[in-house]
Amino acid sequence: MSLRDRIRDSQVYRSIFRHPAPVDRRNRVLVVVSNLVLHLHPVAIPKHALRPGFTWCMGGITCFLFLVETITGVLLMFYYRPTLEWAYNDMLALRDVVSLGVLREVHRWGAHAMVISVMLHMYRVFLTGSYKPPREFNWVVGVLLLLLTLLLSFTGYLLPWDQLSIWAITVGSNMARAVPLLGHEGPGQQILAAGDTLNRFYVLHCVAIPLLAALLMGLHFWRIRKDGGISGPL
Amino acid sequence: MYGNEHEFLERIAGPMGWFYLSACAVNLLAAGRALRGRRPQRAGAWGAVGLTFAVLGWRAFDGNPAAMPEACKDAIDAVLGPVTFTLGSFLILWGLYLGRRVFVRPAVAFAGLNVSLLFLGLSLTDAQFAAVVIQPDNVPIVAMVYLLALFTWLSASAAVKNDRRLGQGLAPAEKDQAEKALVWPDLVYTELICMILASAVLLIWSLSVQAPLEQPANPAVTPNPSKAPWYFVGLQELLVFSDAWIVGVVVPCLIAFGLMAIPYLDPNPQGSGYYTIRQRPFAYGVFQFGFLLLWVLLILVGTFMRGPNWGFFGLYEVRDPHKVLALGNVKLSEYFWTIWLGRGVPQVAADAGSLAQFGHILWREIAGVTLVGLYFVALPPLLGRTLLRRLRAQMGFGRFTLMAVLLLAMMTLPLKMILRWTMNLSYVVSMPECFFNL
């Protein structure tokens, strides 16, 4: 018995993977059904849905980028303090002192890439008519996810607390705050009060919006399966 | 900005060389492909283009990258204005749409790519152009333009192919591949490769471009211009044409609502699950108009052409904060009362009651209010009887009216632009007393 077979035959291996290696048809089906990550997929899909020329892989890339952002984001949270006296200094430290000095770069460029990949994903779904029945509701969920992506990027833009970030956010939020009664004169004033803004954006960026996005992503993926695949009538 | 011309050229020469070398490599690959496909003439053409790029690359590595002639730059800047840029892009996209059968041919599309690469390369030696385009936060926008071009071409060529098949009574190509494949191994491996490629691109990007970090935040020093993050710059650009809260609240809500409503407002059962233009020209046209022209193009204008005081600057023009800007500030009420009726805008006594004041405001703005009312109330049924008769019959009254109102709301944007350029019109309805300007 070879070492490989002995591992495959051990109690530990069999307790994790409940079927033999996916080399024949039966076990290729089982691997998808019995694995938490893989079971996001159906067992079999139409051949054209495999072609990158059809899907552009943009939905998958968006999901992947969300994971990259989550991981780099958690790592960044170890170094960053959302207060007026520390935020900018922590940025300098991240750039000059912290090892793995590309963390912030990966996080920032990944965020830009995610905005682009979400838009391209929507573009593909529209052009293939994949929002048509029975997928109307999943398109709505997708639009909500697009908005959340923009909000995630927007709230994150403020955190470096440099000239670029505060003025970009000022321009953006001033437009929203110009709304009569609810803006400068009303609740908008308190939500965006100078000293607290940084902390509020930080909590929104690191906890509130990602949780909501993760929830909606779960719904989005589940509905793809329930609606019978990525496109085409049922 | 850069210290002096020489220093700037030295900094940019190396990256330019790599840029041209990549362009050369892409062309040589295309030439190889053409050779294998037994098309020697085409292979020769791409080979020649590749050699040209190689020469340009060699010059760049030598510290003397080829530059666009000054006369050429001046001509481009002179022609480029808000009107010509917007209308020109519209006409180009319209032309591409009409001639799509020609433009989706790989050779034609590839030639277009080469022209754009040459333009980018020659322009990057201009310090002003480079300062805007190579700004770290603007790199993704350049990438987005190329990705959009690639995917628009890819989808259009699939659509043209399908439309030809549909015309012959065949099913679209996607239906021919309807038989199932197992997710393991086919899809899982595609995803793995895709993930590795995406990680590689992200890592190379992160290692070569540093994330921007400017001076510490200082509320006392306002940069001129202050720009929103790039994906909201399109909305910021709208500030030129409308009020802040309309642009910052009403328009985003309308866009989000309109996008979510699309599946419920598209009664066409055809074109589900495959690329086609012929079976859904209306949906295709409206979406491309809204996405490419009103969303992406405004982002490009806001990012690349807006300078100090939100003035419009050519691509190579020095961003002079003292440039004199034309103001568009004639209200429709002023046109109506003063210029057309010749009797002056009605005034109201300051001590009049609030109801009287409100009535007066309405009377002052009567022309604009009527116009907007007619636009949103009378146009939908009119469209339903004339241009969009088929849709009206398919959709029923409620859905059609909602669709028409959303469509008309989207069209207010280009209409407002045209009115601004031709009549210097600031607002159709202007009621600053009630925070309401349209």
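Residues numbered from 1 in each chain as written. Chains lettered and ligands numbered in written order. Predicted model: local features only at pLDDT ≥ 70, side-chain atom pairs only at ≥ 80, totals over all residues.

1. Things to note about the overall build of chain A
1) Next: Of the regular secondary structure elements, chain A holds 11 helices and one strand.
2) Next: Scanning chain A from its N terminus toward the C terminus, one meets helices and strands in the order α-α-α-β-α-α-α-α-α-α-α-α.
3) Next: Its C-alpha atoms give chain A a radius of gyration of 22 Å, clearly above 17 Å, the size a compact globule of 234 residues would have.
4) Next: With the C-alpha coordinates aligned to their principal axes, the bounding extent of chain A is approximately 70 × 45 × 30 Å.
5) Next: Counting only residues that meet the buried cut, chain A has 44% of its 234 residues in that class.
6) Next: Looking at chain A alone, contacts between residues at least 24 apart form 66% of all its contacts between residues at least 6 apart. (Helix = DSSP H or I, 4+ residues; strand = E, 2+ residues; numbered from the N terminus. Rg over C-alpha atoms; globule rule 2.2 N^0.38 Å. Buried ≥ 20, exposed ≤ 12 C-beta atoms within 10 Å, placed from the backbone. Contact = placed C-beta atoms within 7 Å.)

2. Observations concerning the nonpolar core
1) Next: Membership of the largest hydrophobic core comes to 81 residues, with the highest contact counts inside it found for Leu65, Met114, Val115, Met119, Leu158 and Ala168 of chain A together with Val247 of chain B.
2) Next: Ranked by residue count, the leading element in this core is helix α7 (residues 103-127) of chain A, at 16 residues.
3) Next: Not counting residues up to four positions away in its chain, the partners in contact with Met114 of chain A are Thr62, Leu65, Phe66, Glu69 and Thr149 of chain A. (Core = buried A, V, L, I, M, F, W, Y, C linked by C-beta atoms within 7 Å.)

3. Let's talk about the interface of chain B and chain A
1) Next: Across the boundary between the two partners, chain B contributes 67 residues, which contact 76 residues of chain A.
2) Next: When residues of the side of chain B that touches chain A are traced back to their parent elements, those giving at least two are α8 (139-167), β1 (180-182), α10 (183-208), α11 (230-238), α12 (244-265) and α13 (281-305) of chain B.
3) Next: The dominant element in the side of chain B that touches chain A, judged by the number of residues it contributes, is α10 of chain B, at 14 residues.
4) Next: Per-class residue counts for the side of chain B that touches chain A are 44 nonpolar, 14 polar and nine charged.
5) Next: Bridge count for strand β1 (residues 44-46) of chain A against β1 of chain B is three bridges, and the pairing is antiparallel. Bridge pairing links Pro46 of chain A to Lys180 of chain B in β1 of chain B. (Nonpolar A, V, L, I, M, F, W, Y, C, P; charged D, E, K, R; others polar. Pairing = 2+ DSSP bridges.)

4. Topic: unusual backbone geometry
1) Next: The step from Pro133 of chain A to Pro134 of chain A runs through a cis peptide bond, and the omega angle for that step is 5°.
2) Next: Tracing the backbone through its elements, the reader meets Pro134 of chain A in the loop between α7 and α8 (136-158).
3) Next: Following Asn224 of chain B, the chain continues into Pro225 of chain B via a peptide bond in cis, with omega recorded as 0°.
4) Next: Its place among the elements puts Pro225 of chain B in the loop between α10 and α11.
5) Next: With phi around 55°, Trp310 of chain B is a residue other than glycine that occupies positive phi space.
6) Next: Locating Trp310 of chain B in the fold gives a position in the loop between α13 and α14 (332-340).
7) Next: The exposure class assigned to Trp310 of chain B is partly exposed, which follows from the 16 C-beta atoms found within 10 Å.
8) Next: One non-glycine residue, Asn424 of chain B, lies in positive phi territory at about 60°.

5. Section: the domain arrangement of chain B
All names here are of chain B.
1) Next: The domains assigned to chain B are domain 1 (5-171 + 225-310) and domain 2 (332-437).
2) Next: Using C-alpha coordinates to define each centre, domain 1 is positioned 35 Å away from domain 2.
3) Next: With 14 residues of domain 1 at the interface, the matching set in domain 2 holds 16 residues.
4) Next: Mapped by element, the contributors of at least two residues to the side of domain 1 that touches domain 2 are α4 (82-98), α12 and α13.
5) Next: Top contributing element to the side of domain 1 that touches domain 2 by residue count: α12, with five residues. (Domains from an automatic or database assignment.)

6. Some details on the packing of α12 of chain B against helix α18 (residues 397-423) of chain B
Residues and elements named next belong to chain B.
1) Next: The geometry of α12 relative to α18 is characterised by a closest axis approach of 11 Å and an angle of 140° between their N-to-C directions. Remark: the crossing between α12 and α18 carries left-handed chirality. Two secondary-structure elements touch here, α12 through Leu254, Gly258, Ala261 and Leu265 and α18 through Arg399, Leu402, Met403, Leu406 and Ala409.
2) Next: Among the residues making up the contact of α12 with α18, the classes are represented as seven nonpolar, one polar and one charged. (Axes fitted to C-alpha atoms, helices over the stretch in contact; angles between N-to-C directions. Left-handed = near helix turned anticlockwise from the far one by under 90°.)

7. A few points about the packing of α7 of chain A against α8 of chain B
1) Next: It is the contact of α7 of chain A with α8 of chain B, at a shortest axis distance of 11 Å, that shows an interaxial angle of 15°. For the element pair α7 of chain A / α8 of chain B, the angle class is roughly parallel. With respect to the hand of their crossing, α7 of chain A and α8 of chain B are arranged in right-handed fashion. Here His112, Ala113, Ile116, Leu120, Tyr123 and Leu127 of chain A of α7 of chain A lie close against α8 of chain B, whose contacting residues are Pro140, Met144, Leu147, Phe151 and Ser155 of chain B.
2) Next: Along the lines of polarity and charge, the residues of the contact of α7 of chain A with α8 of chain B split into nine nonpolar, two polar and no charged. (Parallel < 35°, antiparallel > 145°, perpendicular 65-115°, else oblique.)

8. Focus: the confidence of the model for chain B
Caution applies to low-pLDDT regions: their predicted coordinates should not be interpreted in detail.
Residues and elements named next belong to chain B.
1) Next: Summing up the model confidence of chain B, the mean pLDDT is 90 and the portion of residues at 70 or higher is 99%.
2) Next: For chain B, strand β3 (residues 436-437) is the element with the lowest average pLDDT, namely 79, and α8 is the one with the highest, namely 95.
3) Next: Scoring of the predicted complex yields 0.94 for pTM and 0.93 for ipTM. (pLDDT = per-residue confidence, 0-100.)

9. Observations regarding α11 of chain B
1) Next: Of all nine residues in α11 of chain B, nine are buried; the element is thus mostly enclosed.
2) Next: When we look at burial in α11 of chain B, the residues that qualify are Trp230, Tyr231, Phe232, Val233, Gly234, Leu235, Gln236, Glu237 and Leu238 of chain B.
3) Next: Of the surrounding elements, those touching the buried residues of α11 of chain B are α7, α8 and α9 (163-177) of chain A together with α8, α12 and α13 of chain B.

10. A short note on the environment of Tyr97 of chain B
1) Next: Within the fold, Tyr97 of chain B resides in helix α4.
2) Next: The spatial distance from the C-alpha of Tyr97 of chain B to the C-alpha of Gly285 of chain B is 9.0 Å, given a sequence separation of 188 residues.

11. Description of α13 of chain B
All names here are of chain B.
1) Next: The principal kink in α13, of about 30°, is found at Leu297.
2) Next: Taken as a whole, α13 has its buried residues at Ala283, Tyr284, Leu298, Ile299, Gly302, Thr303 and Phe304.
3) Next: Elements in contact with the buried residues of α13: α7 (127-133), α8 and α11. (Bend = angle between axes of the 7 residues up to and from the residue.)

12. As for the environment of Pro65 of chain B
Residues and elements named next belong to chain B.
1) Next: Relative to the helices and strands, Pro65 is located in the loop between α2 (40-61) and α3 (70-79).
2) Next: Given 23 C-beta atoms within a 10 Å radius, Pro65 is considered buried.
3) Next: Taking the C-alpha atoms as reference points, Pro65 and Ala25, separated by 40 residues in sequence, lie 18 Å from one another.
4) Next: Other than its neighbours up to four places away in sequence, Pro65 contacts Leu9, Ala13, Met16, Arg59, Ala60 and Thr125.

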